[in-house]
Amino acid sequence: MSRRISQSITPTADDVTALRSPFVSKGANDPVIKALRDYFKDTSPGWLIKLTEEQELTRDRLAEIRDAATKRRAVIEALPEGAARTKALAELEQAESVVADMDTALAGASAFGVD
């Protein structure tokens, strides 16, 4: 006969509640999901949603976009690998590339005294 060693603990009702609570799926009403949506909204420039081809961007506005992209990237990179994460990072990279190109063009124009 072989030996069997077993140790276990029976949780109380309070233990069960404490252990389950952080993992309960609350869907769209989850306070963490709401906080995440609010974070994305609060860290994105409000004017950006209304940006059109007729408007001009200053270097300060480009910096706002760069800052928002950095904040968004920090959250997105924490997501597990997958199509949504890959797509979101690709979109960020494209936006960051456009901001860098525009910023370089503005820096060049400033060097030549063009306003």
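So, how was this worked out
- Sequence order as written defines residue numbering, which begins from 1 separately in each chain.
- Only residues with pLDDT of at least 70 get local features here, since the model is predicted, and only at 80 or more are side-chain atom pairs given and counted; chain-wide, interface and lining totals rely on the full set of residues.
- For side-chain calculations, the full set of non-hydrogen atoms in the structure is used, while hydrogens and water are omitted.
- Stacked, tilted and edge-to-face are the three classes assigned to paired rings of Phe, Tyr and Trp, where Trp is represented by its six-membered ring and a pair needs centres within 6.5 Å; plane angles under 30 degrees give stacked, over 60 edge-to-face, the rest tilted.
- Think of it in three bands: residues with accessible area under 20% of the maximum for their type are buried, residues over 50% are exposed, and the middle band is partly exposed, with areas taken using a 1.4 Å probe on protein chains only.
- In this analysis the charged atom, NZ for Lys or CZ for Arg, is taken to sit over a ring once it is within 6 Å of the ring centre and within 35 degrees of the ring normal.
- For this analysis, a nonpolar core means a set of buried residues of the types Ala, Val, Leu, Ile, Met, Phe, Trp, Tyr and Cys, connected via side-chain atoms within 4.5 Å.
- Helix and strand definitions here come from DSSP, where helices need a minimum of 4 consecutive H or I residues and strands a minimum of 2 consecutive E residues; each element is numbered from the N-terminal end.
- Contacts between residues were defined by any pair of non-hydrogen atoms, one from each residue, lying within 4.5 Å.
- Any pair of N or O atoms that falls within 3.5 Å is considered a polar contact. Within protein, one atom must be able to donate a hydrogen and the other to accept it, and sequence-neighbouring residues count only if both atoms are side-chain atoms.
- Any helix carries an expected span of 1.5 Å times its number of residues minus one.
- Where helices are involved, their axes are fitted lines through C-alpha atoms of the stretch in contact, as for all axes, and angles between N-to-C directions lie from 0 to 180°.
- Convention used here: angles under 35 degrees read as roughly parallel, angles over 145 as roughly antiparallel, angles from 65 to 115 as roughly perpendicular, and any remaining angle as oblique.
- Rotating anticlockwise by less than a right angle from the far helix to the near helix defines a left-handed crossing, while the corresponding clockwise rotation defines a right-handed one.
- Definition used for salt bridges: Asp or Glu carboxyl oxygen within 4 Å of a side-chain nitrogen of Lys or Arg.

### Overview of the packing of aromatic side chains
The geometry of two aromatic rings is summed up by the distance between their centres and the angle between their planes.
Line of reasoning, step 1. Scanning the model with the defined rule gives one aromatic pair in all.
Line of reasoning, step 2. Here the aromatic rings of tyrosine 39 and phenylalanine 40 are separated by 6.1 Å at their centres, their planes lie at 50 degrees, and the arrangement is tilted.
Line of reasoning, step 3. Taking relative accessible area as the criterion, phenylalanine 40 reaches 17% and is therefore assigned buried.
Line of reasoning, step 4. Above the plane of the ring of phenylalanine 40 lies arginine 72, whose end atom (NZ or CZ) is 4.2 Å from the centre.

### Describing the nonpolar core
Line of reasoning, step 1. Phe40, Ala69, Ile76, Leu89 and Leu92 form the largest nonpolar core, which has five residues in total.
Line of reasoning, step 2. If you list the elements that add at least two residues to this core, you get helix 3 (59–76) and helix 4 (83–111).
Line of reasoning, step 3. Setting aside residues no more than four positions away along its own chain, leucine 92 makes contact with Ala69, Arg72, Arg73 and Ile76.

### Focus: the side chain of threonine 43
Line of reasoning, step 1. Its place among the elements puts threonine 43 in helix 2 (residues 31–43).
Line of reasoning, step 2. On the basis of relative accessibility, which here comes to 16%, the residue threonine 43 falls in the buried class.
Line of reasoning, step 3. Looking at threonine 43, its side chain comes within polar contact range of the main-chain oxygen of tyrosine 39, at 2.8 Å.
Line of reasoning, step 4. In this structure, threonine 43 is in contact with Ala68 and Lys71, ignoring residues within four places of it in sequence.

### Section: helix 2
Line of reasoning, step 1. The end-to-end C-alpha distance of helix 2, which contains 13 residues, comes to 18 Å, matching closely the 18 Å that a straight helix rising 1.5 Å per residue would cover.
Line of reasoning, step 2. Its side-chain oxygen 2.8 Å from the backbone nitrogen of valine 32, aspartate 30 forms the N-cap of helix 2.

### Description of the packing of helix 2 against helix 3
Line of reasoning, step 1. Running from N to C, helix 2 and helix 3 cross one another at 160 degrees; their axes reach a closest spacing of 9 Å. For the element pair helix 2 / helix 3, the angle class is roughly antiparallel. Considering the relative orientation of helix 2 and helix 3, their crossing is left-handed. Facing Leu36, Tyr39, Phe40 and Thr43 of helix 2, the residues of helix 3 in contact are Ala68, Lys71, Arg72, Val75 and Ile76.

### Section: the pattern of salt bridges
Line of reasoning, step 1. Enumeration over the complete set of coordinates arrives at nine salt bridges.
Line of reasoning, step 2. With a shortest N-O distance of 3.3 Å, aspartate 103 and arginine 66 are connected by a salt bridge. Within this pair, whereas aspartate 103 is found in helix 4, its partner arginine 66 is found in helix 3, the two being separated by 37 residues in sequence.
Line of reasoning, step 3. Overall, the relative accessible area of 36% leaves arginine 66 in the partly exposed class.
Line of reasoning, step 4. As a salt-bridge pair, aspartate 67 and lysine 71 come within 3.1 Å of each other at their nearest N and O atoms.

### A closer look at the environment of glutamate 81
Line of reasoning, step 1. For glutamate 81, the position within the fold is in the loop between helix 3 and helix 4.
Line of reasoning, step 2. Among the polar contacts listed, one links the side chain of glutamate 81 to the side chain of arginine 85, at a separation of 3.0 Å.

From the geometry alone we can't say anything about function, so treat these as descriptive.
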